[in-house]
Amino acid sequence: MAMLTIKDLNVYYGVIQAIKGISFEVNEGEVIALIGANGAGKTTILHTITGLITPKAGSIDFEGNDLVKIPAHKIVSLGMAHVPEGRRIFAELTVLENLKMGAYTRSDKKEMENTLEMIYKRFPRLKERKNQIAGTLSGGEQQMLAMGRALMSHPRIILMDEPSMGLSPLFVSEIFDIIREISESGTTVLLVEQNAKKALSIADRAYVLETGNIVLSGDAKELMNDDSVKKAYLGE
Amino acid sequence: MGSVLEQLINGLGTGSIYALIALGYTMVYGIAKMINFAHGDIIMVGAYVLYVTVTQFKLPVIAAVAITVTFCAVLGITIEKIAYKPLRKAPSLAVLITAIGMSFLLQSLALLIFNANPIAFKSIIDVQTVKLGNTTVSGVTLVTLIVTMICMITLSLFISKTKAGSAMRAVSEDKAAAQLMGINVNRTISMTFAIGSALAAVAGILFVCQYQSIKPTLGALPGIKAFVAAVLGGIGSVPGAMIGGVLLGVIESISKAYISSELTDAIVFGVLVLVLLVKPSGLLGKNRIEKV
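Residues numbered from 1 in each chain as written. Chains lettered and ligands numbered in written order. Predicted model: local features only at pLDDT ≥ 70, side-chain atom pairs only at ≥ 80, totals over all residues. Heavy atoms only, no water.

**As for the sheet that holds strand β10 (residues 213–219) of chain A**
Residues and elements named next belong to chain A.
Line of reasoning, step 1. One open sheet holds the six strands; their spatial order is β6-β7-β8-β3-β9-β10, and the pairing between them is mixed. The sheet is open, and its two borders are formed by β6 (80–83) and β10, each paired with just one other strand. Mean inter-strand twist for the sheet, computed between neighbouring axes without regard to direction, equals 15 degrees.
Line of reasoning, step 2. Contacting β6 and β7 (157–161), helix α5 (residues 139–151) crosses the sheet at an angle of about 170 degrees to β6.
Line of reasoning, step 3. On the sheet, helix α6 (residues 169–184) packs against β3 (31–36), β7 and β8 (188–193) and is oriented at approximately 155 degrees with respect to β8. (Pairing = 2+ DSSP bridges. Helix = DSSP H or I, 4+ residues; strand = E, 2+ residues; numbered from the N terminus. Axes fitted to C-alpha atoms, helices over the stretch in contact; angles between N-to-C directions. Contact = heavy atoms within 4.5 Å.)

This is the structure in structure tokens:
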């Protein structure tokens, strides 16, 4: 059985239907990419999964829990972390305080220290700047902080929303390397990206979204060679 | 009329009471993005609870103070739950009007229970006046300074050093991101109202010990002054509220002594207008860019 199963999801903003009966699944260990243009509904799907938006209909099953019925603040302790679009770090808190907020629901102090060391190893820049106010970090560093903060909860699945947005090409490559590392260390990844080329290059499978519908899905490598995908999303 | 030093110390005394009240305004604003106009009336409720526990139930001072602070904290949480929480997604004007309505409700309830006649109240603070040269400081002022200092230091440590304090700061910055961290936003808002109201209760106790008279509208003037202090310091900023409150008290005391007691309030509000002209976000206010 899949780790995360989304079934017939319908989401409305007022009278406007943003998600039109979407179903998809994520298996343990996979990297799944949701790609599509601005406004296709990618971010809405992630927000609905982690409870920030309540869907009108449909179910979201995560390892036997129906997330639709669980309040947003109780989802992280089930093993699901969400790196939101625009990073949404706490700009007035220090880097270390941000990371500690990521582990808010954890009570295993000793293991938390280990996780922190692991994150410092993966993001040495965060260690250098741990006492700095997070709002003073560069965009790329803020993205690293947002990812580190999510990893502090020691999630089994991590949802990432546009991690490459607004970053220099150098940082974009670095961020995607890190996503690959996170996946290799055993964490399942659900990735939302406008940078379809990069996303497909690290994903196992992908779903292509258009105005609230899934129009294509399949193996990431195959999608990369699909003519319509090439034309619409890869600029070839 | 005493020395300048004496006026300064008296100003610090009143100012630190304003600061305690201003902290409630500023913390609630920071987290719920609303001005809780019923906050001043918590002072009045605190004063009446103290009166009832001390003079009617004849409880020892410590117990009376503990009951007063607890009562106000619970009242603060209750007001938020029944009046403000249902309006979380409503326009801010609706919340503002509700808060004003809540203020009237509390005053009317006090009027109903205790009627409009002021009740004389003997200070529970039994400390001798201190004399240093030609400067005299009353026991009440001395205790006020010490108690408010302890409250402010404890609060600052709580906000900056504890997990719950960090969570409070996280919620005031970004509620959705805070929820993704597993922070219960509703509980954090309740906690903020509880702390703010408990501080208002302490302010109420110190206030009646100073003025020794209780009436249903007792909270209105210190409430509005503390609100001014919070805006002066930069609403949303905790150190701003402390500085704003103390500054207001000192300006008030100095202008009362050396300029004119009739013009005091005009001077106080004049200072506010001036500060806001130069720095619209207040002394320590943040010019935060709104997120989209």
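**As for the interface of chain B and chain A**
Line of reasoning, step 1. Taken residue by residue, the interface counts 19 residues in chain B and 20 residues in chain A.
Line of reasoning, step 2. Carbon and sulfur atoms make up 61% of the surface buried where chain B meets chain A, a total of about 1900 Å² over both sides.
Line of reasoning, step 3. By the criterion of area lost to chain A, the three top residues of chain B are Glu173(B), Leu180(B) and Met181(B), representing 37% of everything that side buries.
Line of reasoning, step 4. For the interface between chain B and chain A, the tally reads two salt bridges.
Line of reasoning, step 5. In this structure, the salt-bridge partner of Arg88(A) is Asp174(B), at a minimum N-O distance of 2.5 Å.
Line of reasoning, step 6. Taken together, the links from chain B to chain A amount to six residue pairs in polar contact (both at pLDDT 80 or more).
Line of reasoning, step 7. Those elements that provide at least two residues to the side of chain B that touches chain A are α6 (163–173) and α7 (175–180) of chain B.
Line of reasoning, step 8. When its residues are assigned to classes, the side of chain B that touches chain A shows eight nonpolar, five polar and six charged. (Buried area = accessible area lost by both parts, 1.4 Å probe. Salt bridge = Lys/Arg side-chain N within 4 Å of Asp/Glu carboxyl O. Polar contact = N/O pair within 3.5 Å; in protein donor to acceptor, adjacent residues only side chain to side chain. Nonpolar A, V, L, I, M, F, W, Y, C, P; charged D, E, K, R; others polar.)

**Concerning a nonpolar patch on the surface**
Line of reasoning, step 1. A surface patch of nonpolar side chains, amounting to about 440 Å² of accessible area, comprises Leu105(B), Leu109(B), Leu112(B) and Ile113(B).
Line of reasoning, step 2. Looking at where Leu105(B) falls in the secondary structure, it is placed in helix α4 (residues 92–114). (Patch = residues over 30% accessible without salt bridge, like charges linked within 9 Å, V, L, I, M, F, W, Y side chains within 5 Å. Areas by Shrake-Rupley, 256 points an atom, 1.4 Å probe, with all protein chains shown as cover.)

**Focus: α5(A)**
All names here are of chain A.
Line of reasoning, step 1. Taking 1.5 Å as the rise per residue, α5 with 13 residues should run 18 Å; its terminal C-alpha atoms sit 18 Å apart, in good agreement.
Line of reasoning, step 2. Most of α5 sits inside the fold, with 12 of its 13 residues counted as buried.
Line of reasoning, step 3. Turning to α5, its buried residues are Gly 140, Glu 141, Gln 142, Gln 143, Met 144, Leu 145, Ala 146, Met 147, Gly 148, Arg 149, Ala 150 and Leu 151. (Expected span 1.5 Å × (residues − 1). Buried < 20%, exposed > 50% of the residue type's maximum accessible area, 1.4 Å probe, protein only.)

That's the geometry; what it means functionally is another story.
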